[in-house]
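# Coordinate analysis (summary)
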Amino acid sequence: MPEDHSPLIRTDIPHSARIWNYWMGGKDYYEIDRIAGDAGIEVDPDITTMAVQSRQFLIRAVRYLAGEVGIRQFLDIGTGLPTMQNTHEVAQTVAPESRIVYVDNDPLVLTHARALHTSTTPEGVTTYIDADYHDPERIIADAKNVLNFNEPVAVMFMGVLGHAKTYDDLLRIVHTVLDAVPSGSYLVMWDGTDDSKSYVTLCENYTGTGGVPYFPRPQAQLRSAFDGLQMVEPGFVSITQWRAGDTEVGEVRPISAYGAVARKP
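Summarised in this report is the structure supplied together with it. (Residues numbered from 1 in each chain as written. Predicted model: local features only at pLDDT ≥ 70, side-chain atom pairs only at ≥ 80, totals over all residues. Heavy atoms only, no water.)

On to the overall build of the protein, then. Of regular secondary structure, the protein possesses nine helices and eight strands. The C-alpha atoms of the protein give 17 Å as radius of gyration, which agrees with the globular expectation for 265 residues (18 Å, within 12%). In terms of overall dimensions, the protein has C-alpha extents of about 55 × 45 × 35 Å along its principal axes. Burial status across the protein gives 53% buried among its 265 residues. When the accessible surface of the protein is summed, it comes to about 11,600 Å², and 51% of that surface belongs to carbon and sulfur atoms. Placing the 21 positive and 35 negative side-chain charges of the protein at their respective mean positions leaves the two points 3 Å apart. (Helix = DSSP H or I, 4+ residues; strand = E, 2+ residues; numbered from the N terminus. Rg over C-alpha atoms; globule rule 2.2 N^0.38 Å. Buried < 20%, exposed > 50% of the residue type's maximum accessible area, 1.4 Å probe, protein only. Areas by Shrake-Rupley, 256 points an atom, 1.4 Å probe, with all protein chains shown as cover. Lys, Arg positive; Asp, Glu negative; His and termini not counted. Charge placed at Lys NZ, Arg CZ, Asp CG, Glu CD.)

Encoded structure:
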């Protein structure tokens, strides 16, 4: 019989990407993830608002970059499970020729990526890289097979850098990728912050389930990842307040999730 090289998907340990999918109203999770997700909601009822609003922030940021700025290349690192309006769908609706590279190393994410991360236009390119963002050099090398690193790239870390083991490691990952892209590129980043005791407790409880630890950080540490870049207005703010309009899904109020869009000079 041929050897089975399909990735191992653990259904006995909750996974942050699947729990996040559950909180966003998706369907790609297991019972263990639902249990962990419900336990998280009990600890921090705002977590579902954070999940929904994080996608609204992504949509607004990608529309801004593809529409107002003219970015045509997106490197979405730690993409998570497909849900409504992924990066490639938003970008290619605005600019059909957009090229999107997704990066993740979760077997379930990659299984779905093979099926769903396909271009929405004939002109565009959508692909994925199986890699851990703790190895940014590998991500850059693989992404160069699809993206032109002589032209601006939007580098995206959307609610994933809490998995960085230390603050210094977070900066290393972000700066390694940004150093590889040219002037005129952008960093789009958000993450949960430690000014919500409920969110901190939620993350601590998740670690206790056997999941990969997630570390909420102070706003100032997340803000410092943008040092040396030119902030797009309104700057580093709660994701609900970044260019929010009147048609957002969910309640629009400040939450303990902060981010920004910034240009590399």
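Turning our attention to the packing of aromatic side chains. Per the counting criterion, the structure on display carries eight aromatic pairs. With a centroid separation of 5.8 Å and an interplanar angle of 75°, the aromatic rings of Trp20 and Trp23 are classed as edge-to-face. In this pair, Trp20 and Trp23 both sit in helix 1 (residues 16-23), three residues apart, roughly one turn of the helix. Three or more aromatic residues link up through ring pairs in this structure, and these residues are Trp20, Trp23 and Trp190. Taking NZ or CZ as reference, Arg243 lies 5.3 Å from the ring centre of Trp242, over its face. (Phe/Tyr/Trp six-rings, centres within 6.5 Å; stacked < 30°, edge-to-face > 60°. Lys NZ or Arg CZ within 6 Å of the ring centre and 35° of its normal.)

It is worth spelling out unusual backbone geometry at this point. Across the junction of Glu233 and Pro234, the peptide omega takes the value 10°, indicating a cis bond. Of note, the phi angle at Arg243 is positive, near 50°, even though the residue is not glycine. Assignment of secondary structure puts Arg243 in the loop between strand 7 (237-238) and strand 8 (257-263).

The geometry of helix 6 (residues 136-143) relative to helix 7 (residues 167-180) is characterised by a closest axis approach of 9 Å and an angle of 30° between their N-to-C directions. Of the possible angle classes, the one that applies to helix 6 and helix 7 is roughly parallel. For the crossing formed where helix 6 meets helix 7, the hand is right-handed. Across the interface between the two elements, Pro136, Glu137 and Ile140 from helix 6 touch Arg172, Ile173, Thr176, Val177 and Ala180 from helix 7. (Axes fitted to C-alpha atoms, helices over the stretch in contact; angles between N-to-C directions. Parallel < 35°, antiparallel > 145°, perpendicular 65-115°, else oblique. Left-handed = near helix turned anticlockwise from the far one by under 90°. Contact = heavy atoms within 4.5 Å.)

What follows covers the pairing of strand 8. Here strand 8 lies mainly inside the structure; six of its seven residues are buried. Pairing between strand 5 (residues 186-192) and strand 8: seven bridges, direction antiparallel. Within strand 8, the residue paired with Trp190 across the bridge is Gly259. Looking at chain direction, strand 6 (residues 230-231) and strand 8 are connected through two bridges and run antiparallel. In the sheet register, Met231 faces strand 8, and the bridge partner there is Ala262. (Pairing = 2+ DSSP bridges.)

A word on the pairing of strand 5. Taken residue by residue, a regular strand's side chains alternate between the two faces of the sheet. The buried fraction of strand 5 amounts to seven of the seven residues, a majority that puts the element mostly inside the structure. Across the two faces of strand 5 the burial is the same, with Tyr186, Val188, Trp190 and Gly192 and Leu187, Met189 and Asp191 all buried. Where strand 4 (residues 154-158) lies against strand 5, five bridges are found, and the strand directions are parallel. Its bridge partner being in strand 5, Ala154 is matched across the sheet by Tyr186. Viewed along the sheet, the connection from strand 4 through helix 7 into strand 5 turns out right-handed. (Right-handed = clockwise from strand over helix to strand, strands pointing away.)

Attention now goes to the environment of Ile9. The residue Ile9 is located in the segment before helix 1 in this model. By relative accessible area, Ile9 is classed as partly exposed at 26%. In this structure, Ile9 is in contact with Arg18, Tyr30, Pro107, Leu108 and Thr111, ignoring residues within four places of it in sequence.

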